Amino acid sequence: SYSSVAVGGPLDSVDKILVYVSGAELRPGFPADIHFYADRLQAHTGLFSKNFLYIAVPIGLLGALALFKSRRNAAIFLAAAFLINFLFFSFYAVSDYFTMPTPSYYIFSVWVGCGLAFLSRTWPVNEKSLEFASVVFCIALAMVQVRGQLSTRVDRSNTFPVTELVLFALNEFPEDAIVISRWERYAPMLYFQQVYKVREDVILVVSNEFLDQID
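Treat the numbers as computed from the prediction; the structure is a model and nothing was measured.

A. Fine view of the pattern of salt bridges. All told, the structure shown has 1 salt bridge when counted by the stated rule. One salt bridge in this structure joins Arg199 and Asp201, with 2.9 Å as the shortest N-O distance.

Structure representation (structure tokens):
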């Protein structure tokens, strides 16, 4: 409990452990503007559908309905967990929410499986043919997803903009400086400072709220 952590001091009390585990000190909160929620829900729903390549969305909804008819308690539990998680991350006021693999995606994947199972029972086919078609479908789905991300990932793997920016920034700070920055800049600077021992004399502070007040 007395080991140093990246954010905050030593976890030497139950209250500090709970705050650290919950991320309460870093939580950006929820804006009061209703338009934020409408825009974010629309954006997240579109992103969610795109990640499932659209075609899997109706299959997943069909699977959720089929599960509700066959195992109502399990279906209600999964639906509640899905909605709570999906809405929380839709309304979570962070800029990188779209990079977060959340349980709602895994729950919807279960529904997709239920939908495929329902369709296979509705339209009975040869078991070997169904197995082969399922494997081909999954491989094709993965290949289409990878193809859309491949060029971007290759470019990122061969460039070092974050490394160059962070090292330059750290080297430019005065000796024993106290640097207040937003989370997206604080995290990489802290990583290089802690892992590579670069400019350990600099004190890094993360505070979006303080910078918003300055703006």
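Right, picking up where we left off after that structure.
B. The nonpolar core, seen in detail. Grouped together as the largest cluster of nonpolar side chains are 16 residues, with contacts concentrated most on Phe48, Phe52, Phe82, Phe108, Trp111 and Val112. Contributions of two or more residues to this core are made by α3 (56–70), α4 (72–91) and α5 (103–122). Beyond its immediate stretch of four places on either side in the chain, Val112 contacts Phe52, Ala56, Ile59 and Gly60. One finds Met189, Phe192, Val198 and Leu204 within the second-largest nonpolar core, a separate group that totals 11 residues.

C. Spotlight on the environment of Leu78. Along the polypeptide, Leu78 turns up in helix α4. Separated by 26 residues in the primary sequence, Leu78 and Ser104 have C-alpha atoms spaced 9.0 Å apart. With near-sequence residues (within four places) excluded, Leu78 lies in contact with Leu67, Ile107, Val110 and Trp111.

D. Up close: helix α7 (residues 161–172). The end-to-end C-alpha separation of α7 is 16 Å, in line with the 16 Å expected for 12 residues at 1.5 Å each. Listed in full, the buried residues belonging to α7 are Val166, Ala169 and Leu170. Angular distribution of buried residues about the axis of α7 spans 95°; they occupy a single face of the element. Of the residues in α7, the exposed ones pointing more than 90 degrees away from the buried face are Pro161, Glu164, Phe168 and Glu172.

E. Representation of the packing of α3 against α5 in the model. The interhelical angle for the contact between α3 and α5, taken along N-to-C directions, is 80°, at an axis separation of 6 Å. Accordingly, the angle class assigned to the pair α3 and α5 is roughly perpendicular. For the pair α3 and α5, contact is made by Ala56, Val57, Ile59, Gly60, Leu61, Leu62, Gly63, Ala64, Ala66 and Leu67 and by Phe108, Trp111, Val112, Cys114, Gly115, Leu116, Phe118 and Leu119, respectively. Taken together, the residues that form the contact of α3 with α5 break down as 15 nonpolar, 3 polar and no charged.

F. Molecular detail of the side chain of His44. By the secondary structure assignment, His44 is in helix α2 (residues 34–51). For His44, a relative accessible area of 3% corresponds to the buried category. Reaching out from His44, the side chain makes a polar contact with the side chain of Ser90 at a distance of 2.7 Å.

Rules and cut-offs
- Residues numbered from 1 in each chain as written.
- Predicted model: local features only at pLDDT ≥ 70, side-chain atom pairs only at ≥ 80, totals over all residues.
- Heavy atoms only, no water.
- Salt bridge = Lys/Arg side-chain N within 4 Å of Asp/Glu carboxyl O.
- Core = buried A, V, L, I, M, F, W, Y, C linked by side-chain atoms within 4.5 Å.
- Buried < 20%, exposed > 50% of the residue type's maximum accessible area, 1.4 Å probe, protein only.
- Helix = DSSP H or I, 4+ residues; strand = E, 2+ residues; numbered from the N terminus.
- Contact = heavy atoms within 4.5 Å.
- Expected span 1.5 Å × (residues − 1).
- Arc of directions from axis to C-beta.
- Axes fitted to C-alpha atoms, helices over the stretch in contact; angles between N-to-C directions.
- Parallel < 35°, antiparallel > 145°, perpendicular 65-115°, else oblique.
- Nonpolar A, V, L, I, M, F, W, Y, C, P; charged D, E, K, R; others polar.
- Polar contact = N/O pair within 3.5 Å; in protein donor to acceptor, adjacent residues only side chain to side chain.

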